[in-house]
Amino acid sequence: MKRDSRLSSVLHALLHMAEQDGPLTSETLAQCMHTNPVVVRRTMGLLREVGIVHSAKGHTGGWTIAADLKAVTLRQLHEALGEPAVFAIGNRNETPECLVEQSVNSVLDDAFAEAEALLLRRFENVTLADLAAEFARRHAQWRTERTLL
């Protein structure tokens, strides 16, 4: 099963956008994220629908953040992306009448549900502002280390 990296990609794009004074085009964001501009437009469109980003057309257009970074949580972004599965592992459902398979799936379902609930609760407590602050801290440390070389 392929991992769904849209949340990570969206966070990457939003942090780049937060560092800019003006809009960023889909092409520029695609270069930052090593993806296709169509993927950027499709994904950003989901965020535009819930008011997190804004887009403007034309020569000076592009994507900007429309929401307060302190108010946007990872949980909101996860939901805006259609609540993709948070785990790439899952149950075997080859023979649903098999009692062994039913037993295994029952236990795994409970564990997956508990782990997902814990992760989503954590997502509720992390904002874009938190991530921006973490980036700023790491960037300042990187700059300091470079000047010491």
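Residues numbered from 1 in each chain as written. Predicted model: local features only at pLDDT ≥ 70, side-chain atom pairs only at ≥ 80, totals over all residues. Heavy atoms only, no water.

## Observations regarding the overall build of the protein
- Each helix and strand counted, the protein has six helices and two strands in total.
- Counted from the first residue to the last, the protein has its helices and strands arranged as α-α-α-β-β-α-α-α.
- A globule of 149 residues ought to have a C-alpha radius of gyration of about 15 Å, yet the protein, at 19 Å, is considerably larger.
- Projected onto its principal axes, the C-alpha coordinates of the protein cover approximately 60 × 45 × 30 Å.
- Relative to its 149 residues, the protein shows a buried fraction of 26%.
- Pairs at least 24 apart in sequence give 59% of the contacts found in the protein among residues at least 6 apart.
- Element-wise, carbon and sulfur atoms account for 53% of the exposed surface of the protein, whose accessible area totals about 10,200 Å². (Helix = DSSP H or I, 4+ residues; strand = E, 2+ residues; numbered from the N terminus. Rg over C-alpha atoms; globule rule 2.2 N^0.38 Å. Buried < 20%, exposed > 50% of the residue type's maximum accessible area, 1.4 Å probe, protein only. Contact = heavy atoms within 4.5 Å. Areas by Shrake-Rupley, 256 points an atom, 1.4 Å probe, with all protein chains shown as cover.)

## Considering unusual backbone geometry
- Of note, the phi angle at histidine 34 is positive, near 55°, even though the residue is not glycine.
- Mapped onto the elements of the fold, histidine 34 is located in the loop between helix 2 (26–33) and helix 3 (37–49).
- If you check the backbone angles, glutamate 83 has positive phi at about 50° while not being a glycine.
- Within the secondary structure, glutamate 83 sits in the loop between helix 4 (74–80) and helix 5 (99–124).

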